[in-house]
Structures are given as structure tokens and as C-alpha cells.
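Listed here are the chains, written in short residue letters.
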Amino acid sequence: MAGPEASFDPTSGWKRHIVRQLQQRDRTQKALFLELVPAYNHLLEKAELLAKFSEKLHKKPNDVTSATHQSFWEESGPDSDQSSPPGTLRVKWQEEEEEGLRLDCGEMAYQVVKKSAALDALQSELEERQSRLAAVEARVAQLREARAQQVSLVEELQKQNAAQRKAYEVLRVHTGHQEAALRRLQEEALNLLEQLLQRKERAAAECNLRNERRERANQLRVSQELKKAAKRTVSISEIPHTLHDGIREQTETLALAIKPESLESEACGKWKRPFSFKKRRGHSIGGAPEQRYQSIPVCVAARLPTWAQDVLDAHLSEVNAVCFGPNSSLLATGGADCLIHLWNVVGGRLEANQTLEGAGGSITSVDFDPSGSQVLAATYNQAAQLWKVGEARSKETLSGHKDKVTAAKFKLTRHQAVTGSRDRTVKEWDLGRAYCSRTINVLSYCNDVVCGDHIIISGHNDQKIRFWDSR
């Protein structure tokens, strides 16, 4: 490879190691051959000398015999007691020479065989090392190919990484713009919310002012009517056997002595002493005896309440729903704390009776069945739940809405109910089977429902009320 990779080759280390190993092997084998070649040359020289010597022996046996005999006699000396004939000495000498030659040839042959075996072993070791070297070279070639593939793969990954980095930078810049736009939109939404709250506050203040003016006008009108009623004279004559058919104005008058100012100070729930009416003489038929009719209570003072009779901390969060039982002796309250409290109404005050648990969300509406034995509640967990008075846990869950349930009411029977939701539907339920018997699709959120004999009336977010025939 060109460039900085050419100056630094990661494979140069193991290449140098292989070269050093091969050089060491060559030196070792060369040393063995250097020892073998002189020995082989010396053996050839001896073989040549023996060949020449044997030729000389065959050509000049007499000279050799005499010389040998002379040397023999010289070696034996004059003190030798025995004397052998020359033929015997010659044969003996030839045998000794042949035996020495055989010994020398055998030793040389053994050395040749030994050196040949060593040479074969070295040759086989050389072939083995050559085969290993070939395998190592093949492995090196494979590794080079794999390295080339890895290098190409790394280059491709680097290209992809660069492209992804560029895409990431583009996305980061785009995300920054989007976040800035989101912050601007949030600020605009906060400003709009503040403006809306301010407008609602102003509208609420104006509405409160109008309500106060209207209340004052109503109180003034009521006081004027009471003043007029206090000054009015009333005469009633009645025909026997009926009270409603014979009411007429007669001469009997009733003057009220209570001043209007004192009437305004009395509460709306208090009544003037009942009037007593008698039948005038001469108006009876058939001389029937006079009879006293029941007294008719008359309200002589009325005005709107201005203060609370009792204040009670009923829930841990806001209270969203309040409902009386059928006989007004039991009160149910539901709040955002997912609880329903039942209260006994005793002497105008509330006493805790029971707490109904198990609601999956904030309570938005509560209602009693006609018998007062069951409580139905609408919750924010997209369902309405049914409790039995006296049991703390929920009896049934009416699931089927896709958004918050805002209203849940019993029909005229305890086995049927109606629910309304923000998913723009009104549903009728068969409580015996916990089954939705009918679904009414509406164009707006349903906020509340009421039920009649066969009529369902629903109030919606689009400022409309809708009437439905449940038949």
C-alpha cells in the first residue's frame, strides 16, 4: 500500500522471524554437510589407495613377497626361534592385509551408511520444513487476502460513518430548529393561555356583576311583591264537599299586621301561622252543619340563601359530583381522589356512612338507583363503575368508551343505565349482564345526561341539548 502504510508493514516482524529461522536451518545443515563431505572425500582417497595397492600386489608378487619377507625378518630379528617358509608368510600377510582392508572398508561403509542415514534424515527434515514453509506462505497469502478484505470493509465503514455523521449533523441542526420553533410555540401558547385566562376572569367578573345586579333586582321585586301581598285582602267562600270548586271573594277579610320590613328579615323556610277559614252562614246547602276546613300554609317571606349552613372537608381533592338518595336521607359525593363517600343526613348535618373504593380514576358523576341500593359512578378511566350500598368494592365495570366518561345515570329501573363520554357517544347499558345494548354517536362531547320514562336528554360541548327516544 502507498502512503504511510508502506513505511509500516505489520507483517514485517513475522517475515523477519521466518527468514532468521531459515538461515539458522541452512547453517545447521551446511555444518552437517561440511562434516560429511571431508569424511566422504577421505573415504574415496583410501579406496583409491587400496585399489592401487591391490593392483601392485597382483602385478609384482615376488617383489612384494621379498620385501615383506625382509621386513618380516627385520621385525622378527635374529632371536626368532622359528623359521617359516616364504609361502606361508605370504599367505599370512595377505590374510592380515585382507582382514585390515575388510575392517577399514567395513568401518568406511558403516560411516557411509551412517552419513547417508543422517543425510536422509536431514533431507526429510528439509522437505518437512519446506512443506511447513509452503503452508505458512499459503496461510500468509490467506491472511493478506483477509487483511485486504478487512481494509476494504473498514474503508467502506468509514465512508458510511462519514455519511451518517453528516446525516446526524443535518438532523441535529434540524432538531435545533424544531426545538426553537417548539419553544416559540410554547411561549405563544402560554401567552394565549394567559390572555384566555384574563378574558375568562374579566368575563367571570362581568357575569358575577350581572348576577349580583340580577339578584338585587330579584330581591327588590320579591320585597315589593311581599309588600303588596301584605296589603292585599283575601276572602274565600267554599261550597261543601269540595275545596277547589267554591273559592270566591267574600266580605270576610284578612289583614296582615306584620310589616314588610320584618317579613324580609325572616328566612325563606319559615311560615306564617296557618290561616283558618270558616264557611259563612247562609251558604250551606240543605242545612248541613258548618265544617272547618284544613288550614292552608302561606309563605309570607322568600329570598336567596346568602350563607352556608355547614361546611365539611369531605375529600382529599376537588369534589366533582354530589347526589341525594331516593329518600334524601343518604348523600353520595365523588371527587378527584378516586373515592365515593356515602353520608347520612341527620338534622341538617352529614355523618360519614361508608367509603366506596376501587375507582380507576377521578369521579365525574354519581347517581343512586330508584331503590337506593346501588351507586353508579362515571370515572376518568374510560369506564363507569357500579357499587352496591354496603359493599366497599366495585360490583361491575362498564367498559366500552374510548375517552373520559363524564356522566352516568340510572333509568327509571335499577337494571338499566345511560352513560355519556368525551368520545362523542352516549351508551345504554343492561346492568344485569353488564352489556352495552345501544350506542348513540354524537357530533360533540357529552357533558351530562338525564333520563325519563322513554326519553334521554344529553347536554353537549357544542351548546346544544339532544333528545333521544330509548325505544
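Residues numbered from 1 in each chain as written. Predicted model: local features only at pLDDT ≥ 70, side-chain atom pairs only at ≥ 80, totals over all residues. Heavy atoms only, no water.

**Some points on the packing of aromatic side chains**
Thinking step 1. Scanning the entire structure with this criterion turns up zero aromatic pairs.
Thinking step 2. Across the ring face of Tyr380, the terminal group of Lys404 is positioned such that the distance to the ring centre comes to 4.4 Å. (Phe/Tyr/Trp six-rings, centres within 6.5 Å; stacked < 30°, edge-to-face > 60°. Lys NZ or Arg CZ within 6 Å of the ring centre and 35° of its normal.)

**Brief notes about the UniProt feature "repeat: WD" (unreviewed entry) in the protein**
Thinking step 1. The UniProt feature table records "repeat: WD" (unreviewed entry) at residues 312–353, 356–397, 398–439 and 456–471.
Thinking step 2. Here residues 456–471 runs as 0% helix and 62% strand, with 10 Å between its end C-alpha atoms. (UniProt positions renumbered as here; feature names shortened; annotations may be inferred. Helix = DSSP H or I, 4+ residues; strand = E, 2+ residues; numbered from the N terminus.)

**A word on the pairing of strand E14 (residues 455–460)**
Thinking step 1. Here strand E13 (residues 446–451) runs beside E14; their pairing, made up of five bridges, is antiparallel. When the sheet's bridge partners are listed, Val450 is paired in E14 with Ile457.
Thinking step 2. Hairpin remark: E13 followed by E14, antiparallel, with three residues in the connecting loop.
Thinking step 3. As paired elements, E14 and strand E15 (residues 465–469) share five bridges and run antiparallel to each other. Directly across from Ile456, in E15, lies its bridge partner Trp468. (Pairing = 2+ DSSP bridges.)

**Description of the environment of Lys402**
Thinking step 1. Tracing the backbone through its elements, the reader meets Lys402 in the loop between strand E8 (396–399) and strand E9 (405–410).
Thinking step 2. Sequence separation between Lys402 and Asn381 is 21 residues, and the spatial gap between their C-alpha atoms is 9.1 Å.
Thinking step 3. Ignoring anything within four residues of it in the chain, the contact list for Lys402 reads Gln382 and Asp423. (Contact = heavy atoms within 4.5 Å.)

**Looking at a negative patch on the surface**
Thinking step 1. On the surface, Glu95, Glu96, Glu98 and Glu99 cluster together into a negatively charged patch.
Thinking step 2. If you trace the backbone, Glu99 turns up in helix H4 (residues 86–231).
Thinking step 3. With relative accessibility at 43%, the residue Glu99 sits in the partly exposed group. (Patch = residues over 30% accessible without salt bridge, like charges linked within 9 Å, V, L, I, M, F, W, Y side chains within 5 Å. Areas by Shrake-Rupley, 256 points an atom, 1.4 Å probe, with all protein chains shown as cover. Salt bridge = Lys/Arg side-chain N within 4 Å of Asp/Glu carboxyl O. Lys, Arg positive; Asp, Glu negative; His and termini not counted. Charge placed at Lys NZ, Arg CZ, Asp CG, Glu CD. Buried < 20%, exposed > 50% of the residue type's maximum accessible area, 1.4 Å probe, protein only.)

**Things to note about the sheet that holds E8**
Thinking step 1. The antiparallel open sheet is built from four strands, whose spatial order is E5-E6-E7-E8. Strands with a single pairing partner mark the edges of an open sheet, and in this sheet they are strand E5 (363–368) and E8. Looking at each pair of strands side by side, their axes are set apart by 20° on average, direction ignored.
Thinking step 2. Taken together, the five bridges between E5 and strand E6 (residues 374–379) define a ladder with antiparallel strand orientation. Following the sheet pairing, Ile363 is matched in E6 by Thr379. (Axes fitted to C-alpha atoms, helices over the stretch in contact; angles between N-to-C directions.)

**Re the sheet that holds strand E3 (residues 340–346)**
Thinking step 1. The antiparallel open sheet is built from four strands, whose spatial order is E1-E2-E3-E4. The sheet is open, and its two edges are formed by strand E1 (319–324) and strand E4 (349–356), each paired on a single side. Put simply, the sheet's adjacent strands are angled 25° from each other on average, direction ignored.
Thinking step 2. Pairing between E3 and E4: seven bridges, direction antiparallel. Across the sheet, the residue bridging to Leu342 is Gln354, located in E4.

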